[in-house]
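Read off the chains here:
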Amino acid sequence: MRIAQVSPLYESVPPKYYGGTERVVSWLTEELVRMGHDVTLYASGDSVTSAELVATCPTSLRLNKEAVDHIAHHLVMLERIRRDADDFDVIHYHCDYLHFPFSRRIATPHVTTLHGRLDIPDLVPLYEEFAEMPVISISDAQREPLPWLEWVGTVQHGMPVQMYSGVERSGGYLAFLGRISREKRPDRAIEIAIRAGLPLRIAAKVDGADREYFDEVIRPLLGQSGIEWVGEIAQQEKQAFLGGAAALLFPIDWPEPFGLVMIEALACGTPVIAWEHGSVGEVIENGVTGYLVDSVEAAAAAVAMLDRIDRRRCRIEFERRFAAERMARQYVVQYQARIAACGRSRMAAAGTAGSEVATRGTSRASLS
């Protein structure tokens, strides 16, 4: 199958540091190539892939200080894809809705994985306008704000099983990994660690939009005993960071579409203590791979029960449920379905056109 994978340009594929969507695109692309498909990846020029790379900007936009208008680069990429569309059996977009005006006007089958939150009022008129666009969710919970979209499937994220080596012995600290923002609630993580009497290591990036929150809310808390600021870490550092943690704290305060860091922790054999918002209950099994909680007090109590969680079971559940191979095979099923659906649509359109021609011919004959 000739498949185009279309990544956002904000990070390279895979990202050098933080970046969830681009990391998933990388894992999916490499697995599809391994399965024997002919894959073309549209991404930034500093991406590394075994697929054919088509780069419409030289470096990832977040790390390029000279890149000011990020949308401009995406529009160039989407126009290139429009020109190349006939080269593919299917196009798989990961850049949200940016391509909708382009995709509406091409015949090549396509599908879009929506990676972000959908509980934003501004999205309603947009998706009403493009209601025919086939979309895939990354969790069932992600669909709840817009259940009327043209959902064609749910495919949970998957990772290469060899990326992390498996179970390590706990180093006696709690971990927070990801991005500093109000909805991620690093302040809760700090409070949980203090109540539980364990050190907390925070490995996270701070975007410009979250700088004020970090400076005013989080930075003053970092001086407390046992609270260590690590900063943004690279992929190769995560095994030691997550694998050495007693648990990953995921105290979110928003409808999380998936939560990639949770399966990264499970891959290292590390249980997760998380608020049950959004997709969390679809990823973590309470009492088996972690604990689902609804308060700081409950989270601190869960820390005291971590010895009841089998870290080997966490790894086993990761391999069983969240392997990249499973993800890729599920996407191939979606591609085949889109190709078949588009074929039926074209046949129906051709049949309708033929009927109209025949009707016009009959009408002309009767008039003569």
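Look up a bit, the structure's there.
Model, not experiment: these values are computed from the prediction.

Draft legend 1. The arrangement of the overall build of the protein in detail. Along the backbone of the protein there are 12 helices and 13 strands. Here the protein has a C-alpha radius of gyration of 23 Å; the compact-globule value for 368 residues is 21 Å, and the two agree. Across its three principal directions, the C-alpha atoms of the protein cover 95 × 45 × 40 Å. Expressed as a percentage of contacts within the protein between residues at least 6 apart in sequence, the contacts between residues at least 24 apart total 65%. Split by element, the accessible area of the protein, about 16,200 Å² in all, is 51% carbon and sulfur.

Draft legend 2. Quick look at the side chain of Thr 270. Within the secondary structure layout, Thr 270 lies in the loop between helix H8 (260–267) and strand E12 (272–275). Given the relative accessible area of 0%, Thr 270 is considered buried. A polar contact is formed between the side chain of Thr 270 and the side chain of Arg 311, at a distance of 3.2 Å. Sequence-distant contacts of Thr 270, defined by excluding residues within four places in its chain, comprise Leu 242, Gly 243, Ala 245, Ala 246, Ala 247, Leu 248, Ala 265, Arg 311 and Cys 314.

Draft legend 3. Spotlight on helix H11 (residues 311–321). Turning to H11, its buried residues are Arg 311, Cys 314, Arg 315, Glu 317 and Phe 318. Looking straight down H11, one finds its buried side chains confined to an arc of 160°; they lie on one side. Projecting away from the buried face of H11 at angles above 90 degrees are the exposed residues Arg 312 and Arg 320. Put simply, Asp 310 is the residue that caps the front of H11, since its side-chain oxygen is 2.9 Å from the backbone nitrogen of Arg 312.

Draft legend 4. Spatial organisation of the environment of Glu 297. Tracing the sequence through the fold places Glu 297 in helix H10 (residues 296–303). Sequence separation between Glu 297 and Ile 192 is 105 residues, and the spatial gap between their C-alpha atoms is 7.5 Å.

Draft legend 5. Structural context of the sheet that holds strand E13 (residues 290–293). Pairing in this open sheet of six strands is parallel, and the strands run E10-E9-E8-E11-E12-E13 from one edge to the other. Strand pairing shows two members of the sheet lacking a second neighbour, strand E10 (227–229) and E13, which therefore form its edges. In this sheet, adjacent strand axes meet at a mean angle of 20° when their direction is disregarded. Here three bridges tie strand E9 (residues 200–205) to E10, and the two strands are oriented parallel to one another. Across the sheet, the residue bridging to Arg 201 is Glu 228, located in E10. Seen against the sheet, H10 touches strand E8 (173–179), E12 and E13 and runs at an angle of roughly 170° to E12.

Draft legend 6. Examining the packing of aromatic side chains more closely. Enumeration according to the criterion identifies eight aromatic pairs in this entry. Their ring planes at 90° and their centres at 6.5 Å tell us that Tyr 97 and Tyr 127 sit as a pair that is edge-to-face. Of this pair, Tyr 97 sits in the loop between strand E4 (90–93) and helix H3 (100–103) while Tyr 127 sits in helix H4 (residues 123–129), and the two are 30 residues apart along the sequence. Judged by centre distance (5.5 Å) and plane angle (50°), the rings of Phe 100 and Phe 130 are tilted. Placement of Phe 100 in helix H3 and of Phe 130 in the loop between H4 and strand E6 (134–137) is noted, with a sequence separation of 30 residues between them. Phe 130 shares its class with Phe 100; the two are buried. Put simply, the rings of Tyr 97, Phe 100, Tyr 127 and Phe 130 pair up and form one aromatic cluster. Arg 201 extends its terminal NZ or CZ atom over the ring of Tyr 173, reaching a point 5.2 Å from the ring centre.

Draft legend 7. Seen up close, the nonpolar core. Counting residues in each nonpolar core, the largest one holds 81 residues, and the members touching the most others are Ile 180, Leu 200, Ile 202, Val 272, Ile 273 and Tyr 335. No other element matches H8, which puts seven residues into this core. Those residues within four positions of Tyr 335 in sequence are excluded, and the remaining contacts are Met 1, Ile 3, Gln 5, Leu 28, Leu 32, Val 90, His 92 and Val 111. Residues Tyr 42, Leu 61, Tyr 93 and Cys 95 belong to the second largest nonpolar core, which totals 18 residues.

Draft legend 8. The arrangement of the pattern of salt bridges in detail. Following the criterion strictly, the structure yields 26 salt bridges and no others. Residue Arg 2 pairs with Asp 89 through a salt bridge whose shortest N-O separation is 3.0 Å. In this pair, Arg 2 sits in strand E1 (residues 2–6) while Asp 89 sits in the loop between helix H2 (70–84) and E4, placing the two residues 87 residues apart along the sequence. We classify Arg 2 as partly exposed; its relative accessible area is 35%. Two residues, Glu 232 and Arg 62, come together in a salt bridge whose shortest N-O distance is 2.9 Å. One end of the pair, Glu 232, is in the loop between E10 and helix H7 (238–243); the other, Arg 62, is in the loop between strand E3 (52–55) and H2, and 170 residues separate them in sequence. Judged by relative accessible area, which is 30%, Glu 232 ranks as partly exposed.

Draft legend 9. Main features of empty space enclosed by the protein. This structure, assessed with the given rule, holds one cavity of 30 Å³ or more. In this structure, the largest cavity occupies an estimated 40 Å³ of space. Phe 100, Tyr 127, Phe 130, Ala 131, Met 133, Val 135, Leu 149 and Glu 150 together form the lining of the largest cavity. A breakdown of the residues in the lining of the largest cavity according to their chemical character gives seven nonpolar, no polar and one charged.

Criteria and cut-off values
- Residues numbered from 1 in each chain as written.
- Predicted model: local features only at pLDDT ≥ 70, side-chain atom pairs only at ≥ 80, totals over all residues.
- Heavy atoms only, no water.
- Helix = DSSP H or I, 4+ residues; strand = E, 2+ residues; numbered from the N terminus.
- Rg over C-alpha atoms; globule rule 2.2 N^0.38 Å.
- Contact = heavy atoms within 4.5 Å.
- Areas by Shrake-Rupley, 256 points an atom, 1.4 Å probe, with all protein chains shown as cover.
- Buried < 20%, exposed > 50% of the residue type's maximum accessible area, 1.4 Å probe, protein only.
- Polar contact = N/O pair within 3.5 Å; in protein donor to acceptor, adjacent residues only side chain to side chain.
- Arc of directions from axis to C-beta.
- Pairing = 2+ DSSP bridges.
- Axes fitted to C-alpha atoms, helices over the stretch in contact; angles between N-to-C directions.
- Phe/Tyr/Trp six-rings, centres within 6.5 Å; stacked < 30°, edge-to-face > 60°.
- Lys NZ or Arg CZ within 6 Å of the ring centre and 35° of its normal.
- Core = buried A, V, L, I, M, F, W, Y, C linked by side-chain atoms within 4.5 Å.
- Salt bridge = Lys/Arg side-chain N within 4 Å of Asp/Glu carboxyl O.
- 1 Å grid on protein atoms, 1.4 Å probe; cavity = no way out; pocket = protein on both sides within 12 Å on 5 of 7 lines; lining within 4 Å.
- Points joined across faces, edges and corners; volume = space filled by probe spheres on them.
- Nonpolar A, V, L, I, M, F, W, Y, C, P; charged D, E, K, R; others polar.

The values reported here are purely geometric and, on their own, carry no functional implication.
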